[in-house]
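# A look at the structure
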Amino acid sequence: MTASKSTKLKPSKPYPEYPLFAHVNGQWCRKINGQHCFFGCWDDPKAALAKHNAEYASLKEGLALPDEHAGWRVGEVINEFLTTQDERVGQGEIQKITFDGLQSVGKLIVKHIPKNRMCESLKPADFQKLRNAMVKQYTPAVCRVNMTRVRQIFKWAFDQRLIEKQVFYGAGFKSPTKAMVRKIRNQKPKKLFDNKQVQLLIENSSPALRAMILLAANTGMNNADLGNMQFKHLDLKTGWIDYPRNKTHVQRRAPLWSETIDAIRDYLDMRKTPLTAYKDFVFITSAGQNWGHSSLPSEFRKLKDKINLLAISSTLGEIPIPHGSFGYFRHMFETFGGNSRDQVAVDAIMGHVPHGMAGEYREMIEDDRLIAVVNTVRRCLFDSIDGGHYEPQRI
């Protein structure tokens, strides 16, 4: 005689951490907010767990369970958004580093807002919770960027009509003010290396890193620029570089110091044989590929750590480079280049987007003005430690 379901022996949990228990009615159950909620029969604990995971957030918050076809969930919207952004990377519309930032924000959202929540059910309290998490984890400047990206994701969903109405963030989801960003920034060290630190970095670096450090100091380029630089951008015979900025596609032209040219030539003499797909790139890793946007900062940190470790183990007893990243060289070029009193020429070398009508009408800048800027930067960087002075060289 077959036992009825009520007298059937209850199964044990599939594993200790399984969040449901076997109820006498033959279903897997969990008590939520004082109520027994059921998620499926004993025979299929995997399906019951999937149903639990899909419905738990709504049940916990006392929300009506969403209809399967009622709209888009938070996780679905983020995945769809990232898919379109990844396509834009492939089409050259945005950079990989931009996509990485958007993906990071997507992960941050689903960490604090359940991915199975229906977008239509989102409330200001959800975004207040998200903002509170951001403020604890990031600086005000990063919070501003991330909160803008959150709005970008849900605005895109509305524009694509994945959601029927715009998301309401509430008064609490406000970006930190620019004044707060400046206040925090003023409490930190200036993003500048001094002359001694620059000399230590150059003297202790590998040929590839030495060439890239000098290029960054000479032209204000960042790690992504250098990692993607190709031979067509570089003319070592004339000593000039013509290279549109990857981020903005603003045309850049800059003269090279003799030290920079020598360092590049030294590196090229021992450059690794690249894979076929990367033969046109100037800087090649040991794997035969071009330097990605993350490779250079990582190698720079290793160089800085090596210098600091050597100093600690020596009689110096102090850390010569306590802070700083490769991005400091871009800050230094902008800062020291301003001493030339020709901000238009500085912006042209940096690849800044020109603002106002003057930028629309300006077709070129004379080379003499560009030479004056890089010579000014060179003088600031290479004044000798003993108090001597390098005369700026005509390139």
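Report on the accompanying structure. Since the structure is predicted, the reported quantities are computational estimates derived from the model, not experimental observations.

### A word on the pattern of salt bridges
- Considering all chains together, one arrives at 13 salt bridges under this definition.
- Of the charged contacts in the structure, one is a salt bridge between R253 and D367, with a shortest N-O distance of 3.1 Å. Note that R253 is positioned in strand 6 (residues 253–255) and D367 in helix 15 (residues 367–382), a separation of 114 residues in sequence.
- According to the relative accessible area criterion, R253 is partly exposed, its value standing at 29%.
- Across the salt bridge formed by D342 and R369, the nearest N and O atoms sit 2.8 Å from each other. Residue D342 is located in the loop between helix 12 (328–337) and helix 13 (343–350), and its partner R369 is located in helix 15; the two are separated by 27 residues in the primary sequence.
- Residue class for D342 comes out buried when judged on its relative accessible area of 15%.
- When salt bridges that share partners are traced, they join E61, R117 and D126 into one network.

### Thoughts on the packing of helix 5 (residues 140–159) against helix 6 (residues 178–186)
- At a closest axis distance of 8 Å, the pairing of helix 5 and helix 6 adopts a crossing angle of 145 degrees. Mapping the contact onto sequence places P140, A141 and R144 in helix 5 and K178, M180, V181 and I184 in helix 6.
- Residues that form the contact of helix 5 with helix 6 fall into these classes: five nonpolar, no polar and two charged.

### Brief notes about the nonpolar core
- Ranked by size, the top nonpolar core spans 57 residues in total, and within it M229 and F329 carry the most contacts.
- Elements with a minimum of two residues in this core: helix 7 (195–204), helix 8 (207–219), strand 5 (240–242), helix 10 (258–269), helix 11 (295–313), helix 12, helix 13 and helix 15.
- Residue contributions to this core peak at nine residues, all from helix 8.
- If you look at the next biggest cluster of nonpolar residues, it comprises 29 residues, including C143, A157, I163 and Y169.

Analysis parameters
- Residues numbered from 1 in each chain as written.
- Predicted model: local features only at pLDDT ≥ 70, side-chain atom pairs only at ≥ 80, totals over all residues.
- Heavy atoms only, no water.
- Salt bridge = Lys/Arg side-chain N within 4 Å of Asp/Glu carboxyl O.
- Helix = DSSP H or I, 4+ residues; strand = E, 2+ residues; numbered from the N terminus.
- Buried < 20%, exposed > 50% of the residue type's maximum accessible area, 1.4 Å probe, protein only.
- Axes fitted to C-alpha atoms, helices over the stretch in contact; angles between N-to-C directions.
- Contact = heavy atoms within 4.5 Å.
- Nonpolar A, V, L, I, M, F, W, Y, C, P; charged D, E, K, R; others polar.
- Core = buried A, V, L, I, M, F, W, Y, C linked by side-chain atoms within 4.5 Å.

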